[in-house]
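Summary of structural features
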Amino acid sequence: MDTASTPARIYNAFQVLVRSASLICVVAGLAAAWVISAAIRAIRKQSRTTKLRGPRRSSMLFGVSTELFRSSDTGSMFEAWAKEYGVAYEIPMLWGQKRIILCDPKAVAYFFSRDTRSYVGTPAHKATVARMIGKGLLWAEGESHRRQRRSMAPSFNSTAVRKLSPAIHKTVDKLKVAWQANVDASGSGSVVLDVQKWMNYVSLDAFGIAGFSYDFDSLGGTPNSMISVLDAFAAPSSSYSFWDKSVLFLSNFFPFALNVPTSRGKMLDELRARMSEICELLIDKATKDQEGASNEQVPTIALLLKAEDEDSGQRITREEVLAQMRVLFIASYETTASTYYHSDIICPFVSKPSLLVTMTWALFELARHPDIQTKLREELLSFGGEPSYDQLSTGFPYLDAVVQETLRFRPAAQERVRQATEDDVIPLSEPVRTKSGEVVDSIAVERGTVIGISIPCMNRSEAIWGPDAKVFRPERWLESDGITKKAQEVKGHRHLLTFSDGPRTCIGKLFAVAEVKILLLVLVKNFVLEMRDGPDTKVEMTRGIKMRPKVAGEDGIKVPLRIKPYKG
C-alpha cells in the first residue's frame, strides 16, 4: 500500500460526502477517516523514516494540533520542543498523522534547496489552492513552477521595482496627506488612528497603481465592493460561529471540509467572484494598453502577459496570470497564505503576504521604542529631498536595520509544510537522539513524509540568534558581530526565512522591502508615533486571514496609535 497517496484518496473519497452539507454526513466521514488513520499508523510502524523523539499527543484525536492552532506564538512552542528533543523532532498531528519539524540551519537549507522537486505541497494543499486561487505559481511544482517563475521574474527584479518606486512614493504621500487631514480635523494637534486599517489601504492602493496602473483610491474613501468583502474576510476568528470555527479548524487538515456551507465559505465565494471580476477587467485593459507600447510604458500585469520562458518559449497562460492576481489582491490588502487555508499554504510571494503585517508591526515597534524612532528620524532628515530607489536601498543603514529587524522579529508567515516525493536523507549540523536512543547526524525520510519548518522559531531562536533573540534591536544589523555565526548559516534572504528560501523564495521581496522603506521614510519624517495607552500597552496576536497584531481590549483587529506632526 502506498502511504504517500493515502491523503489524496481520503480527500477524493470524502469530498462528495462533505458537499452534501449534512452534519451527519460530515461526522460519518470523519469517523471513517479515523478508522483509515488507524490503518495508516499501523503501516507507518514499518516506515523507513527515522523515528525521532518529540512531544506526546495531548489528544488521541488531535495530537498537538489544537494547541498549535490556538497558540498566538507557535514559534516559542517549536523552540521549546527543539530545546528538549533536538534540532529535528516529530510532532503528532490530527488523525494519527506525524510531522517532522526542522529547527536546524543546515537541514533547513537542504530542505529548501530541493523544494518543488523532492518536497512539494501535500495533495490536499494543492487541491485547496487550485480551488481557491487557481493553478498559478502557488499551485505549481517542478517544471511548471520553474517555467512560471522564470517568466515572471523580470516583472519583480530590481529594474522593475526601480521603475515602480515613484508610484509607491506617490501612494504613501497620499497617506501622509490623509493623516495630516485627520490631525487638523481633530483640532488637538494629534489624533488616534487605527494604523492597521490604514496599512490595508496604502498596500492595496500601491499594488493597484504599481501593478495595474489602477487606483483603487481606498485612501481617499472611494466606495469599493471588494474592499468591504476583504474587510469582512479579514475579521478575527473570534468573531466566527462555533460551526465556522469547527470547519475552519478541520480545513487546516482536511481541506475538503471547506465545501461545507458556512458564512465564512459564502464570504470566500463572494471574495473570489469580486476578485475574478476585477482581474478580468484589468487584464483586458492591460492587454489593450500594451499594444504598441514599450516595456517602459506598461504596468507589471502587462509585462506578465507578455512574458515568456527563455528556454521553452512558453508564455504564462491567462489562467496562471489570473491566479497570481488573486493571490496578490488578498496579499496586498491583508496577508495571503492564510491560516484560514491549509497550514502549509505559505505563499512564495511572502513579501506581499507579509506586507501589511510587516508595515503595521514596524509602526508599532517604533511607537513602543521612541529612542529607536528618534534615531531613525535623525537619519532620514539628514537626507534632503526624495531619495531614489538606489539611494533608499544603500544610503540609509539604520532604516535598513529597522526593516530587517522587523522582518526578523515579526514574520507574518508562520510555518512551511511540505511532503517528500521520494526517499531522502536530510543532513544535520548537530546530532539528535532518536526514540531508540541512537545518536544520528542525519535523518532518513521516506516518500510521503510530511516536514514542517517554523519561521518564527528560526527567526527568533536563542540557539540561532543568541540570548537577545527575543529583543527588538536593529543595531544587531550594524554591528560587526551582531549576527551570530549560527544565524549566518541560515541561507534565506539576509539570514532570515521571512521570505522563505530555495526555488520558492519570495519573488516579490524587493518590491516589499522598497514599499516598507518608503512608508517609514515618509511617515517617520513627518509624524511622531506613540502608543495610545503608553509604551507598556499589551498587544495580542489574532487570526484573521493571517496572524496579525491587535491591541488588547480592542474590538476586531485594531492597532490604535497616537499620531502627531513632527515639528522639528
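Before reading further, recall that the structure is shown in the block above.
Cut-offs applied
- Residues numbered from 1 in each chain as written.
- Predicted model: local features only at pLDDT ≥ 70, side-chain atom pairs only at ≥ 80, totals over all residues.
- Heavy atoms only, no water.
- Buried < 20%, exposed > 50% of the residue type's maximum accessible area, 1.4 Å probe, protein only.
- Helix = DSSP H or I, 4+ residues; strand = E, 2+ residues; numbered from the N terminus.
- Pairing = 2+ DSSP bridges.
- Axes fitted to C-alpha atoms, helices over the stretch in contact; angles between N-to-C directions.
- Contact = heavy atoms within 4.5 Å.
- Core = buried A, V, L, I, M, F, W, Y, C linked by side-chain atoms within 4.5 Å.
- Parallel < 35°, antiparallel > 145°, perpendicular 65-115°, else oblique.
- Nonpolar A, V, L, I, M, F, W, Y, C, P; charged D, E, K, R; others polar.

1. A few points about the pairing of strand E4 (residues 191–194)
Of the two faces of E4, only the one carrying Val191 and Leu193 is buried; Val192 and Asp194 on the other face are not. Judged from the four bridges that link them, E4 and strand E12 (residues 560–565) form a sheet pairing that is antiparallel. Bridged to leucine 193 within E12 is leucine 561.

2. Let's talk about the sheet that holds strand E9 (residues 527–531)
Here we have three strands laid out as an open sheet, ordered E4-E12-E9, and antiparallel in their pairing. The open sheet is flanked by E4 and E9, the only strands paired with a single partner. Pairwise comparison of adjacent strand axes, ignoring direction, gives a mean angle of 40° for this sheet. Taken strand by strand, helix H22 (residues 509–526) contacts E9 and E12, and its axis lies near 90° from that of E9.

3. As for the nonpolar core
Counting 94 residues, the largest nonpolar core has Leu102, Leu175, Trp179, Met199, Leu363, Leu520 and Ile563 as the members making the most contacts within it. By residue number, the principal contributor to this core is H22, which donates twelve residues. When sequence neighbours within four positions are dropped, the list of residues in contact with leucine 102 reads Val87, Ala88, Ala107, Val108, Phe111, Ile426, Ile443, Ile451, Gly452, Ile453 and Met458. Core analysis: the second largest hydrophobic core is formed by twelve residues, Trp81, Ala82, Ile91 and Met93 among them.

4. Details of the packing of helix H16 (residues 370–381) against H22
In the contact formed by H16 and H22, the axes pass within 9 Å of each other and the chain directions differ by 100°. Between H16 and H22, the angle is such that the two are roughly perpendicular. Note on element contacts: H22 touches H16 through Leu520, Leu521, Val524 and Lys525, opposite Gln373, Leu376, Arg377, Leu380 and Leu381. Considering only residue class, the contact of H16 with H22 consists of six nonpolar, one polar and two charged.

5. Here's the deal with unusual backbone geometry
For aspartate 217, which is not glycine, the phi dihedral falls at a positive 55°. Relative to the helices and strands, aspartate 217 resides in the loop between helix H9 (195–212) and helix H10 (225–233). Non-glycine residue arginine 494 carries a positive phi angle of around 55°. Tracing the backbone through its elements, the reader meets arginine 494 in the loop between helix H21 (485–488) and H22. A relative accessible area of 32% means that arginine 494 is categorised as partly exposed.

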